[in-house]
Structures are given as C-alpha cells and as structure tokens.
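# Structural characterization, general
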Amino acid sequence: MAGAESPATPDPFADKGFATRAIHAGQPHDPTSGAVVTPIVLSSTFAQEAVGVHRGFEYSRSGNPTRQALERCVASLEGARHGLAFASGLAALDVVCRDLAPGDRVLLSNDAYGGTYRLLARIYGPLGVEVVVADLSDLTAVEAALSRPTTMVVLETPTNPVLRILDIEAISALAHRSGATVVVDNTFATPYLQQPLALGADVVMHSSTKYLGGHSDVVGGFLATSDDARAERLAYLQNAAGAVPGPFDCYLVLRGVKTLAARMEQHCRNAAAVADLLVGHPAVGEVFYPGLPSHPGHAVATRQMRGFGGMVSFTMREGEAAAVAAVARTGIFTLAESLGAVESLIEHPGRMTHASVAGSALEVNPALIRLSVGIEDVADLLADLHMALAPR
Ligand code: P1T
C-alpha cells in the first residue's frame, strides 16, 4: 500500500512542476520490459518466495502495482505524503467516516453534493452521529457552529452546486481550535487549482470520477493526507472494508491525470466565457461563478485557487419549468449527471444530482441549472447556450 508505507517512499519528482509530476510521479518505466506506460496489473494475487517474502504485493485488495502508481501520483499532486484510491468518491468519504462514534458531531456546508449529505445524515446519522449543517462561507457561522465540541468538518469548495467559496485556511484554523479534523472534498477545484493540505486541511478527498479521470469513463475516489498515523489507519480501513478500485479503473484515472493541467486551463477559460454570456442574459437570474468579481467568494478564491474552475451555475428568471425545459434543449451540452470531463454537461440539480436532499437544509433552488463546461471550442458552447436560452 503506497499510503501505508511510513515514511513515504521518496518521490524523485517531488521538486518538479505540477504537469511534470502528473505525467511522471509514481510512474517509473516498467523494470521488466521498459514499458513507458504503467502496466495494468490484473493479477489478484502475487507469488511469495517463502511465507511473507514477496516484492511488496500479496493480494490486490491490499495493494496492486497499478493502484500504487495512481496513489503515488495523486498524492504528489496534492502535496501529500500518502494517497489511497477507492472505488468511488463516496467509498472514500465512507472510509474517512468509519471511526465516527455515537455522540460525535460532524459539521457540513449547507451546499454540498447530495450524496455526501445522504451518507452522513442517512447512514451515519442513525448510528448516533450528529450532522450539523451551516453556511461555511460565513466565518461567524463557522465559529458559532464550532462552539460545541466537533469531531469533523467536511467541506467542498467550490461547493456543489452553487459554487460557494469556503476559506479553507480560516475554517481549518477554527476547526483545529475545537479539535475537529478537516476533510476537504477537492473534486471541483482539483489539485491543479487548489491544494487544501497546504492551507491546513487534514485530509483531501476526491470523486476521481470527475476531473481527475476527466473523460466520463470511470468511477473512482481518492484520499490524501500527510499525517502518517492517519494514513496508516485509513489504509487499514481501505483494506479491511475493501472498497478498492480495479486495476483498469486505476489506469484510466492515471491516464486522465496526465493531462489534468492542460485540461483545467481550458476548462477555466471556457467557463469564464460561459459565465460572461450568462451575466446579463435576459432569461437568466443569478449567475454563480467564482471568477466573477461580483461573486461573494471572489477574493478568497483569488487567494486560495490558481483559477476559478470549469463549473458554472445559474437560475432561470422564470423558475423551475423554464429550467427543466432549457436543460433539454442544448445540443452540445449533454443533459446528464456528473461533471469534470472533456465534454460539456448540463443538469437540473433539484431533480437530478441533488434530489436526495429535497426537504433538507441543503435543498437547492428549483430554478437552478448547473453546467460542467467542457473543453470543446468555446464559440460552439456559447452558441449552444444562446440557442437553448432564446425566448420561445
Ligand atoms: O460519484 P462518486 O465518485 O461516488 O463521488 C461522489 C461525489 C463526491 N463529492 C462531490 C463534490 C461530487 O460532486 C460527487 C459526485 N457528484 C455527482 C455525481 C454530481 O453530478 O454532482
């Protein structure tokens, strides 16, 4: 297990730039053949010369060479000593939550992926974990929420789906004062745009289904941390609970990660142009994009992110029916859940990705539309939205 080794294996690319590490970290040429691309090692088990004498791998749930390459690479990108890959983003979050006990208290942002809330409130809630929801973009609200002993703070930034910006450094400082562990879901920003561990977070998680994979062809999750003891425990849980990704899935994420820097630059450029089109469009109400100077989190985003990301959300002035109709009219933006891949997607969070939070503190505006802006030609994306939003 890459993550369980302590101290972490030295990374010869540690002092190199992000794009170089994305392509090389954890991915030495195969010593047996010279293969430049990390082999997909499908073997579920590994030969031992004598009992307990082996080359670092015993059984593929516990550790697999393709998975190890992915774990080392993404750990390097997050500036972490340890990385662990999982079968999905929620499987990764579940492992972080496994040590929660009755009476523990978890603080979650009032805007977050619906499945994150569902896991905490509907799976851990009935086990006696108290799940508290607050607007974590308001530091006074964070301080108030943390005035009672808190075990863990789970936050995304930018948030899903209204792209609030949460101040990782400030929240981490407040959380640590009250003894809480800070878990940052870095799915929307990716390590290219934002590195939560450097800002004080304890654990970074990903749905690698999104930008890390980048091509809508794999479901995966990831955890990164620089705390050796925590990494050892998480690696133990990864193996003991068993929600590991298969080697082919690891290969797909690793292949996606190689182009992360280039893709994110283009996602950011295209999303900024889309946000500009939406601002002032007569059919559109509010536009949520942290790159807009009018966004309440713009200053924090400018400080903690390298760019503003590829996600844009907006409301339709005429409400839910107009939103539901508009998402079905685009030609290049595909109506689908998920995000973060090369192709542009459009969805209605209230009825799709966030349907599970209906009636909760995380309920989303039914007039909201969420865009995952891809890396197609921006003129085609703008024309597509223009057509879909035109008066009928
Ligand atoms: O789908 P999975 O790989 O298990 O990841 C869950 C998850 C966790 N965190 C964030 C911020 C997410 O956006 C997701 C999954 N989100 C979607 C499928 C979606 O369309 O929003």
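Computed from a prediction, not measured in an experiment: that's the story for all the values here.

## Quick word on a nonpolar patch on the surface
Among the surface-exposed residues, I40, L42 and F248 lie close enough to one another that they form a single nonpolar patch of about 300 Å² accessible area. One can find F248 in helix α9 (residues 247-258). Residue class for F248 comes out partly exposed when judged on its relative accessible area of 44%.

## Section: the site of the ligand
If you check the shell around the ligand, you find 18 residues, and the closest are D185, S207, T209, K210 and S338. At 2.9 Å, a side-chain N or O of N160 approaches an oxygen atom of the ligand. Residue S338 places a main-chain N or O atom 2.8 Å away from an oxygen atom belonging to the ligand. When atoms are counted within 2 Å of each cavity's grid points, the one that captures over half of the ligand is the second largest pocket. In terms of residue class, the shell around the ligand is built from four nonpolar, nine polar and five charged. Per-domain counts for the shell around the ligand show at least three residues from each of domain 1 (2-257) and domain 2 (260-389).

## A short note on the environment of L223
Position of L223 among the secondary structure elements: in strand β7 (residues 221-225). Owing to a relative accessible area of 2%, L223 belongs among the buried residues under this scheme. As a C-alpha pair, L223 and F308 span 85 residues in sequence and 22 Å in three-dimensional space. Aside from chain neighbours lying at most four places away, what touches L223 is H82, G83, L84, F86, A92, V95, V96, V203, V204, M205 and L234.

## Re the sheet that holds strand β4 (residues 152-156)
Strands sit in the order β1-β7-β6-β5-β4-β2-β3 across an open sheet of seven strands; the sheet is mixed. Single-partner strands in this sheet number two, and they are β1 (82-86) and β3 (130-134). Direction aside, neighbouring strands of the sheet carry axes that sit 20° apart on average. As judged from the three bridges shared by strand β5 (residues 181-185) and strand β6 (residues 203-207), these two strands associate in the parallel manner.

## Some points on the domain arrangement of the protein chain
As far as domains go, the protein chain holds domain 1 (2-257) and domain 2 (260-389). Residue-level contacts link 44 residues of domain 1 with 42 residues of domain 2. Summing both sides of the interface, domain 1 and domain 2 together bury roughly 3,400 Å²; the carbon and sulfur share of this comes to 63%. Counting every contact that joins domain 1 to domain 2 gives one salt bridge. A salt bridge links R303 to D167; the nearest nitrogen and oxygen atoms lie 2.8 Å apart. Applying the counting criterion to the domain 1 and domain 2 interface returns 18 residue pairs in polar contact (both at pLDDT 80 or more). When residues of the side of domain 1 that touches domain 2 are traced back to their parent elements, those giving at least two are α1 (18-24), β2 (105-109), α4 (114-124), α6 (168-177), α7 (190-193) and α9. Examining the composition of the side of domain 1 that touches domain 2, we find that five residues originate from one element, α4, more than from any other. Residue composition of the side of domain 1 that touches domain 2, by class: 23 nonpolar, 14 polar and seven charged.

## As for empty space enclosed by the protein
With the rule as written, the count across this model stands at two cavities of 30 Å³ or more. Here the largest cavity is characterised by a volume of approximately 50 Å³. Along the walls of the largest cavity sit L70, A85, F86, S208, V218, V219, G220, G221, P245, D249, C250 and V253, which together make up its complete lining. Counting residues per element, the lining of the largest cavity draws most heavily on α9, at three residues. Split by residue class, the lining of the largest cavity holds eight nonpolar, three polar and one charged.

## Here's the deal with the nonpolar core
In this structure, L70, Y192, L193, V257 and L260 are the most contacted members of the largest nonpolar core, which totals 41 residues. Counting residues per element, the ones that place at least two in this core are α1, α2 (65-77), α7, β7, α9, α10 (260-278) and α11 (298-304). If you count residues domain by domain, this core takes at least three from each of domain 1 (2-257) and domain 2 (260-389). Excluding anything up to four places from it in sequence, Y192 contacts F18, L260, A261, M264, E265 and R306. Of all hydrophobic cores here, the second largest spans 29 residues; its members include L84, L120, V183 and A235.

## Quick look at the layout of surface pockets
Taken as a whole, the second largest pocket encloses approximately 310 Å³ of empty space. Lining the second largest pocket are 20 residues, and of these L90, Y113, N160, S207 and K210 lie nearest its centre. Going through the elements one at a time, α3 (89-97) and β6 are the ones with two or more residues in the lining of the second largest pocket. Among the residues making up the lining of the second largest pocket, the classes are represented as six nonpolar, nine polar and five charged.

## Comments concerning the pairing of strand β9 (residues 311-316)
Buried residues dominate β9, accounting for six of its six residues. Residues M311, S313 and T315 line one face of β9 and the alternating positions V312, F314 and M316 line the opposite face, and both faces are buried. When strand β8 (residues 284-288) meets β9, the two strands line up antiparallel, connected through three bridges. If you follow V287 over to β9, its bridge partner there is F314. Judged from the five bridges that link them, β9 and strand β12 (residues 368-372) form a sheet pairing that is antiparallel. Bridge pairing in β12 places M311 opposite S372.

Definitions and limits used
- Residue numbers restart at each chain and count upward from 1, following the sequence in its written direction.
- Where totals are concerned, whole chains, interfaces and linings use all residues; where local detail is concerned, this predicted model gives features only for residues with pLDDT of at least 70, and gives and counts side-chain atom pairs only at 80 or more.
- Remark: hydrogens and water are excluded; side-chain values derive from all non-hydrogen atoms of the structure.
- Like-charged residues are merged into a patch within 9 Å and nonpolar side chains (Val, Leu, Ile, Met, Phe, Trp, Tyr) within 5 Å, provided each residue has over 30% relative accessible area and no salt bridge.
- The accessible surface values rely on the Shrake-Rupley method and a 1.4 Å probe; as for residues, cover is taken only from the protein chains in view.
- By definition, a salt bridge exists where a carboxyl oxygen of Asp or Glu is found within 4 Å of a side-chain nitrogen of Lys or Arg.
- Only DSSP runs of H or I covering at least 4 residues are called helices, and only runs of E covering at least 2 are called strands; the numbering of each starts at the N terminus.
- Three exposure classes are used, based on accessible area relative to the maximum for each residue type with a 1.4 Å probe and protein chains only: buried under 20%, partly exposed in between, and exposed over 50%.
- Nearness here has a simple test: a residue counts as near a molecule or strand if at least one of its heavy atoms is within 4 Å of that partner.
- In the analysis that follows, any N or O atom pair within 3.5 Å is treated as a polar contact, provided that within protein one partner can donate a hydrogen and the other can accept it, and provided that, for residues neighboring in sequence, both atoms belong to side chains.
- Buriedness of a pocket was judged along seven lines, with at least five required to meet protein on both sides within 12 Å; pockets are open sets of points on a 1 Å grid over the protein atoms alone, cavities are sets where a 1.4 Å probe fits but cannot get out, and lining residues have an atom within 4 Å of a point.
- For a cavity or pocket, the test is whether more than half of a molecule's atoms lie within 2 Å of its grid points; if they do, the molecule sits there.
- Note on residue categories: nonpolar means Ala, Val, Leu, Ile, Met, Phe, Trp, Tyr, Cys or Pro, charged means Asp, Glu, Lys or Arg, and polar means any other residue, Gly included.
- Domain delimitation follows an automatic or database domain assignment.
- Between two residues, a contact is recorded if the distance between any of their heavy atoms is within 4.5 Å.
- In this analysis, strands are considered paired if DSSP registers two or more bridges between them.
- The axes are straight lines fitted to the C-alpha atoms, using for helices just the contacting stretch, and the angles between their N-to-C directions are given from 0 to 180°.
- Throughout, buried area stands for the accessible area (probe radius 1.4 Å) lost by two parts on being put together, summed over both.
- Grid points are joined across faces, edges and corners, and a volume is the space filled by probe spheres set on the points.
- To define a nonpolar core, start from buried Ala, Val, Leu, Ile, Met, Phe, Trp, Tyr and Cys residues and group those joined through side-chain atoms within 4.5 Å.

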